[in-house]
Amino acid sequence: MNKLGLHMLVYTPTWDEKGARLVFERAARFGYDFVEVLIFDPDRFDARMTARLSQEYGLGVAAGLCGSPTSDLSNPDPVIAKRGELWVEKAIALTRDMGAGLLGGPSYSAVQRYALPPSELARDNAVLAYQRLAKKAEAAGVRIGLEALNRYESNFINTLEQAASFCQRVGSDAMFVHADMFHMGIEEGDIGKAIEGVRHSLGHVHIAESHRGYLGTGNVDWKKFFAALHRIAYTGPMTFEAFSPTVLGFDFAGFIALWRDPFRDPDDIASKSIDFMRRHIQEAAHAAVNA
Ligand code: MN
């Protein structure tokens, strides 16, 4: 059975002890296996506190990272790109220190609307940067997942296939593809084929609905999605991810252009979502047996 995770942003944008404790407590209460933490700024992140709470609640932890406009590994400006590489390097150490084995998210890019495609040189340099980072990750016992983001949030990796071919260019087992159904809904053609195409490199999945809210109330064909994961025998982790300005405030929600409230009660959506994921995993297995 896949390990099921709860994303911190369902509950809080603030990873101090109070915020972290709330997320771990609710994840444990509703039966999640792990908590996923977004490292906003690797220079201000308490890995020790995270490790301590993970132990206290008996839950695993996974990490995510976004680049920023000033620390952007795929930026054509070499100063910004180098800062972006150091940013990921620090996050690898934090991931190890908090006891996590996985660093997902768009660490390769700022999350913003770009006006131009990345240059070939920026692409080549990003491959070299991840080759150096993969060595650090291997030494730290951490694997790096590249999350394909939709076109409005990155210009660098928009599809699972792009993520897989980038990982292949880097050429390290420490690299894998991180899929998110919300972004796939904008960028992929056939969801089943997209998943099958990364059967050898998929390492993490975000379970996120088309409007970022309650699973099963948007336009995602979840039956098809979970059937594809079952076909490729995906046994890796899955994290429930949803966002709401009620929880995050509009400062943060503006970052991902979320102007509506897909949910108001984190407990309600977190408890329903783990049931939804379990049911779909079981139904996909059952359907395959009876096919
Ligand atoms: Mn995601």
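Higher on the page you've got the structure.
This one's a predicted model, so the numbers in the text were calculated from it and none came from an experiment.

Draft legend 1. Just the overall build of the chain, in detail. The number of helices and strands found in the chain is ten helices and eight strands. By the compact-globule yardstick of 19 Å for 291 residues, the chain fits well, its C-alpha radius of gyration being 18 Å. Dimensions along the principal axes, computed over C-alpha positions, put the chain at roughly 50 × 45 × 40 Å. Counting over 291 residues, the chain shows a buried share of 57%. Look at the contacts in the chain between residues 6 or more apart in sequence, and 76% of them connect residues 24 or more apart.

Draft legend 2. The arrangement of the sheet that holds strand β5 (residues 143-147) in detail. Sheet architecture is closed into a barrel: eight strands sit in the order β1-β2-β3-β4-β5-β6-β7-β8, paired in parallel fashion. Put simply, the sheet's adjacent strands are angled 30° from each other on average, direction ignored. Where strand β1 (residues 4-7) meets strand β2 (residues 34-39), three bridges bridge the pair, whose relative direction is parallel. Bridging across to β2, histidine 7 finds its partner in glutamate 36. The strands touched by helix α3 (residues 78-97) within the sheet are β2, β3 (60-65), β4 (102-104) and β5, with β4 carrying the most contacts at an inclination of about 145°.

Draft legend 3. View of the coordination of the manganese ion. Here the manganese ion is held by the protein donor atoms Glu147 (OE), Asp180 (OD), His206 (ND1) and Glu241 (OE), which lie 2.1 to 2.4 Å from it. Here the donor residues for the manganese ion map to a single chain with the spacing E-x32-D-x25-H-x34-E. Here histidine 206 is found in strand β7 (residues 202-207), whereas its partner glutamate 241 is found in the loop between β8 (238-240) and α9 (245-253), with 35 residues between them in sequence.

Draft legend 4. Quick look at the side chain of serine 172. Tracing the sequence through the fold places serine 172 in the loop between α5 (160-170) and β6 (175-180). Within polar-contact distance, the side chain of serine 172 engages the side chain of glutamate 138 at 2.7 Å. Only 2.9 Å separates the side chain of serine 172 from the backbone nitrogen of alanine 174, close enough to count as a polar contact. For serine 172, the contacting residues outside a window of four places in its chain are Ala134, Glu138 and Cys167.

Draft legend 5. Main features of the side chain of serine 71. By secondary structure assignment, the location of serine 71 is in the loop between β3 and α3. A relative accessible area of 5% places serine 71 in the buried class. Among residues more than four places away in sequence, those in contact with serine 71 are Ile80, Arg83, Gly84 and Trp87.

What counts, and at which threshold
Residues numbered from 1 in each chain as written. Predicted model: local features only at pLDDT ≥ 70, side-chain atom pairs only at ≥ 80, totals over all residues. Heavy atoms only, no water. Helix = DSSP H or I, 4+ residues; strand = E, 2+ residues; numbered from the N terminus. Rg over C-alpha atoms; globule rule 2.2 N^0.38 Å. Buried < 20%, exposed > 50% of the residue type's maximum accessible area, 1.4 Å probe, protein only. Contact = heavy atoms within 4.5 Å. Pairing = 2+ DSSP bridges. Axes fitted to C-alpha atoms, helices over the stretch in contact; angles between N-to-C directions. Donors = N, O, S within 2.8 Å, 3.2 Å for Na, K, Ca; no water. Polar contact = N/O pair within 3.5 Å; in protein donor to acceptor, adjacent residues only side chain to side chain.

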